[in-house]
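Structural overview
Below, each chain spelled out in residue letters.
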Amino acid sequence: MAQPIYTTHHGMVDILPDEVRKWQFLENLIREEAEKFNFEEIRTPIMEKTELIVRGLGQMTDIVSKEIFSFSRGEDNYVLRPELTAPVVRAFVENRLDQRGGSQKLYYIGPMFRAERPQKGRQRQFHQFGLEIMGSSDALADAEVIAFMIHIYHKIGITNTTLKLNSIGDPESRDQYKRALKAHLKPDLEKLSEVSKKRYENNPLRILDSKEEEDRPFIETAPVITEFLSEKSVKHYNKVKEYLGDLGITYEEDPYLVRGMDYYTETAFELISPDLGAQDALAGGGRYDLLVEEIGGLPTPAVGFAAGMERLFIACEELGIRLGSEKKVDVYIVTLGDAARKWGLTQLSKFREKGASATMDYMGRSMKAQMKDANRENARFAVIVGENELNTRQFTLRNMAASEENSLTLDAILQKITGHHT
RNA sequence: GAGCCCGUAGCUCAGGUGGUUAGAGCGCCAGGUUGUGGCCCUGGAGGCCGGGGGUUCAAGUCCCCUCGGGCUCCCCA
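These lines cover the structure that appears in this document, whether it is placed above or below. (Residues numbered from 1 in each chain as written. Chains lettered and ligands numbered in written order. Predicted model: local features only at pLDDT ≥ 70, side-chain atom pairs only at ≥ 80, totals over all residues. Heavy atoms only, no water.)

Here the focus is the pairing of strand E9 (residues 265-272). For a regular strand, the rule is simple: side chains alternate between the two faces of the sheet. E9 sits mainly inside the fold: 8 of its 8 residues count as buried. Pairing between E9 and strand E10 (residues 281-287): 6 bridges, direction antiparallel. Each residue of the ladder has a partner; that of Glu 270, found in E10, is Gly 284. (Buried < 20%, exposed > 50% of the residue type's maximum accessible area, 1.4 Å probe, protein only. Helix = DSSP H or I, 4+ residues; strand = E, 2+ residues; numbered from the N terminus. Pairing = 2+ DSSP bridges.)

Another aspect to go through is the environment of Ser 366. With respect to the helices, strands and loops of the structure, Ser 366 is situated in the loop between strand E13 (358-360) and helix H13 (367-376). Put simply, Ser 366 and Ala 306 are 60 residues apart on the chain and 51 Å apart in space, counted from C-alpha to C-alpha.

On the basis of which strands lie adjacent, the open sheet formed by 3 strands has the order E2-E4-E3 and antiparallel pairing. Single-partner strands in this sheet number two, and they are strand E2 (47-49) and strand E3 (70-73). Each strand of the sheet is rotated relative to its neighbour by a mean of 35 degrees, with strand direction disregarded. Judged from the 3 bridges that link them, E2 and strand E4 (residues 76-80) form a sheet pairing that is antiparallel. Bridge assignment links Met 47 to a residue of E4, and that residue is Leu 80. This element, helix H2 (residues 50-57), spans E2 and E4 of the sheet and lies at about 80 degrees to E2. (Axes fitted to C-alpha atoms, helices over the stretch in contact; angles between N-to-C directions. Contact = heavy atoms within 4.5 Å.)

Looking at RNA strand B, there are 50 residues lining it, with Arg 114, Arg 122, Arg 206, Met 400 and Ser 403 nearest. Sugar and phosphate atoms form 55% of the subset of RNA strand B atoms that lie within 4 Å of the protein. A distance of 3.3 Å is found between a sugar or linking oxygen of RNA strand B and a backbone nitrogen or oxygen belonging to Ala 283. Within the side chain of Ser 403, a nitrogen or oxygen atom sits 2.3 Å from a base oxygen of RNA strand B. Looking at the surface near RNA strand B, the elements that each hand over two or more residues are strand E6 (125-134), E10, strand E11 (302-308), H13, helix H14 (387-392) and strand E15 (395-399). Among the elements that take part in the surface near RNA strand B, H13 stands out by supplying 7 residues, more than any other. Broken down by class, the residue content of the surface near RNA strand B amounts to 15 nonpolar, 14 polar and 21 charged. (Near = heavy atom within 4 Å. Polar contact = N/O pair within 3.5 Å; in protein donor to acceptor, adjacent residues only side chain to side chain. Nonpolar A, V, L, I, M, F, W, Y, C, P; charged D, E, K, R; others polar.)

The final tally for this structure, using the stated rule, is 26 salt bridges. For Glu 19, the salt bridge identified is with Lys 22, shortest N-O distance 3.5 Å. Here Glu 19 pairs with Lys 22, and both are found in helix H1 (residues 17-36), just 3 residues apart, close to one helical turn. Residue classification places Lys 22 among the buried residues on the basis of a relative accessible area of 14%. Between Lys 36 and Glu 33 there is a salt bridge, with the nearest N and O atoms lying 3.0 Å from each other. Of this pair, Lys 36 and Glu 33 are both found in helix H1, 3 residues apart, which corresponds to roughly one turn of the helix. Lys 36 sits in the exposed class, given a relative accessible area of 58%. Through salt bridges with shared partners, one network takes in Arg 341, Asp 361, Arg 365, Asp 373 and Arg 376. (Salt bridge = Lys/Arg side-chain N within 4 Å of Asp/Glu carboxyl O.)

Taken in spatial order, the 8 strands make up an open sheet running E1-E5-E6-E11-E10-E9-E7-E8, and their pairing is mixed. Bordering the open sheet on either side are strand E1 (40-41) and strand E8 (252-253), each of which pairs with just one other strand. Note: E10 against E11, 5 bridges, orientation antiparallel. Looking at E11, one finds that Gly 284 is bridged to Ala 306. In the packing of helix H11 (residues 309-319) onto the sheet, contacts are made with strand E5 (104-113), E6, E10 and E11, and the angle to E6 comes to roughly 110 degrees.

Printed below as a string of structure tokens:
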């Protein structure tokens, strides 16, 4: 096929009208449900200062070290946001949202950017929705965040998921654990995979979710982080599990679950779906009690999650779930001749004012072609107007699905259509 | 960053061992019905066979390069 001159960037896709319908459906659902949970939407810029993302997520993370779209303007370096927790925290601090009192419950929907090699369920521009509760260290907050996440998938009909749960504790117990883990691995360091060798120094925890075959035996015998948790962390983790139990949410504890960003503390979780293929994480999140302070705010505990929207759609497709409705229009004005076309143009607004959607042909096509178009557009009614109708002021109203026609005045037609409508 | 697979109409795909005007279904447009959609029939538009180079009398078909796409590893949403 002849190649188009201009195309989207590798891994970035156009969302076309037929697809947008399901996006709007999902976005509306998220907004409705988030409002029910009393969350408020926050929108932040697409780009952020590089320093925020590097400090927030951690220099050594995969995202920062190799997946960032960055550019500079003058002295300043920017990145296209790869996730939204750090930007939301920035906005929280910058705008002193803590001064609104109580805990802040925020949700977001929007595009993120990561310069990875695209594959199924992975794009360079992708979309996430998520929420953050800022200001509470209570396990109730963890439970609510997880409950909302699960709730959305259940609403849609995606129920065959696994919630993986872990606690990575506070920094002190994590340091102790790191030391123990390194001590455990040290004798066999040479036998570990290349990636793991590198991580041994700068990010030993991530060795735990290595999928390299050669690492498996050493991971299996490794100490488990839960044994190193402080009393406080254990208490928190137990509370989270207790609350999830109260909510009837089942989970699977996974002591090897370590999340990709450095800012996580205590609770970590991921929602996995068997319908996604290689990229099986639908959503993930956790607690980040130190991030606000790290970024320059007052010490503020927080917890949140982010979910991939494209991945949610993939799961829907696998499960045969259709989101959103068919396109349709209430009225299609079919005209014959110039006078009728002019009449049609001026009458469209009458229908629109009454709350009905209305359209007509713009291409001067035959009546047959217009009827065909009305059918394709899924019109509920066709209003047919030619010379006869203009003279008698009696217009033909055709119910497309029923194939019934009546000759009526415009007022009667308006009433009939909008009556049906409300 | 590494591996594997694939590029023929808008879409899904046919085109044995190279052979003359490159096909089908769906979709699109028009006609059959001088004022009536979906079904049916007929016709039409639409392809530098992703691009470049090579082999050959002859390349959609064989070889090389390149671009684009898909999947996988790593990691994440």
